[in-house]
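# Close look at the chain arrangement
One-letter residues, chain by chain:
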Amino acid sequence: MVPNAKIYVAGHRGMVGSAIIRALKRRGFENIVVRSHAELDLRDQRATDAFFAEERPDYVFLAASKVGGIAANAAAPADFLYDNAMLEMNAIHAAWRNGCRKLLFLGSSCIYPKFAPQPMPESCLLTSALEPTNEGYALAKIAGLKYCAYLNRQHGADYVSVMPTNLYGPNDNYHPEHSHVLPALIRRFHEAKEAKAPFVTCWGDGSPLREFLYVDDLADLCLLVMERYHGDDPINAGSGREITIKALSELVARTVGYEGEIRWDRTRPNGTPRKLLDLSRSIALGWRPKTSLEDGLKLAYRDFLENPMRVER
Ligand SMILES: NC(=O)c1ccc[n+]([C@@H]2O[C@H](COP(=O)([O-])OP(=O)(O)OC[C@H]3O[C@@H](n4cnc5c(N)ncnc54)[C@H](OP(=O)(O)O)[C@@H]3O)[C@@H](O)[C@H]2O)c1
């Protein structure tokens, strides 16, 4: 990307979009175009076409998405499929029609099969059934990455995709029903500390293994992929470090300063036992995640305390 390239970051107020803006600014890129959801609803094809025809960005980071945790996905699969498929198709198509040189599409590791080999390589895409709870969301993300690949194949475009694991960091969503596991734990332990609650009950037995990536490390990878990667297959983004939900809960409690007991409700489901991404491709590009979970959690909790509005998003 040349220094004065015009770059559109879709979803710039969100966790990933705002981290991409920070990374671009650190690298000296200033010609950045943004629109909030209220200013431009990417599900609206006419409005999206008009925006791209007027701005004609050279590069696009597509980090706008309807995002939610398991409960939100399971309750509204039609909304997750419709909203995401519409906004992706409109934005990717309008970008291509209006001369965008390169677009980076953000998906999610939930595109991979429920019983994928561990760690999950990009090549396991579409080899077996998806996890049913977020199938609608995953199908939309698969359609987005395939549309990028098909534009490359059919029209010689250079559109690429990145599939992150669980993310956390500044501007996360701490909504009680719509958040992901890590921000949900931050909020619960913080509220338990404030209320001096003697114990906090978590779902399952704490044994599932999960991976968490600090969002600024993802943003660094996105810039690298934009500059160095040309290909149809997605690029995985993870930390390479697994932690049990039990150890994670203890770490969050320590970070937040909650000293009560953590109890486990074994009548609740555990979810998939293990979810880890194969990072061979992202590491081959020269990327390494820099932020440890301990340091990243301290930064995330500080952001949580300093931005109370995030809690109600
Ligand atoms: N969070 C994670 O753990 C995680 C993990 C894996 C992958 N990802 C992927 O990373 C991407 C970004 O996620 P995130 O966590 O940054 O989400 P987020 O914090 O919820 O931000 C999403 C952004 O999308 C915008 N948006 C939503 N619907 C829109 C629409 N119809 N038109 C225009 N803008 C719209 C929102 O705009 P406003 O702020 O203006 O409302 C918001 O800024 C998504 O593709 C997601 O799949 C996230």
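See the structure printed just above.
Residues numbered from 1 in each chain as written. Predicted model: local features only at pLDDT ≥ 70, side-chain atom pairs only at ≥ 80, totals over all residues.

### Structural notes on the overall build of the chain
The helix and strand tally for the chain stands at 10 helices and 11 strands. In terms of overall size, the chain behaves like a compact globule, its C-alpha atoms giving a radius of gyration of 19 Å where 313 residues would be expected to give roughly 20 Å. With respect to the principal axes defined by its C-alpha atoms, the chain has extents near 60 × 40 × 40 Å. When each of the 313 residues of the chain is scored for burial, the buried share is 46%. (Helix = DSSP H or I, 4+ residues; strand = E, 2+ residues; numbered from the N terminus. Rg over C-alpha atoms; globule rule 2.2 N^0.38 Å. Buried ≥ 20, exposed ≤ 12 C-beta atoms within 10 Å, placed from the backbone.)

### Quick notes on the sheet that holds strand β5 (residues 159–164)
Spatially, six strands are ordered β2-β1-β3-β4-β5-β9 in an open sheet, and the strand pairing comes out parallel. Each of the sheet's edge strands pairs with one partner strand only, and the pair in question is β2 (32–33) and β9 (235–237). The strands that helix α5 (residues 135–155) touches are β4 (102–106) and β5; relative to β5, the one it contacts most, it runs at about 155°. (Pairing = 2+ DSSP bridges. Contact = placed C-beta atoms within 7 Å. Axes fitted to C-alpha atoms, helices over the stretch in contact; angles between N-to-C directions.)

### Quick notes on the site of the ligand
Lining the immediate environment of the ligand, one finds 26 residues, of which Gly 11, Arg 13, Gly 14, His 37 and Ser 65 sit closest. Looking at the shell around the ligand, the elements that each hand over two or more residues are α1 (15–26), α4 (77–97) and β6 (166–168). Examining the composition of the shell around the ligand, we find that three residues originate from one element, α1, more than from any other. Here the shell around the ligand is built from residues that sort into 11 nonpolar, 10 polar and five charged. (Near = placed C-beta within 6 Å. Nonpolar A, V, L, I, M, F, W, Y, C, P; charged D, E, K, R; others polar.)

### Considerations on the pairing of β5
Counting buried positions along β5 gives six out of six residues, so the element sits mostly inside the fold. Residue alternation in β5 divides its side chains into two sets, Tyr 159, Ser 161 and Met 163 and Val 160, Val 162 and Pro 164, and both sets are buried. As paired strands, β4 and β5 are joined by four bridges and run parallel to one another. Bridged to Phe 105 within β5 is Ser 161. Handedness of the β4-α5-β5 crossover: right-handed. One ladder, built from three bridges, connects β5 with β9; its direction is parallel. Across the sheet, Val 162 pairs through a bridge with Ile 235, a residue of β9. (Right-handed = clockwise from strand over helix to strand, strands pointing away.)

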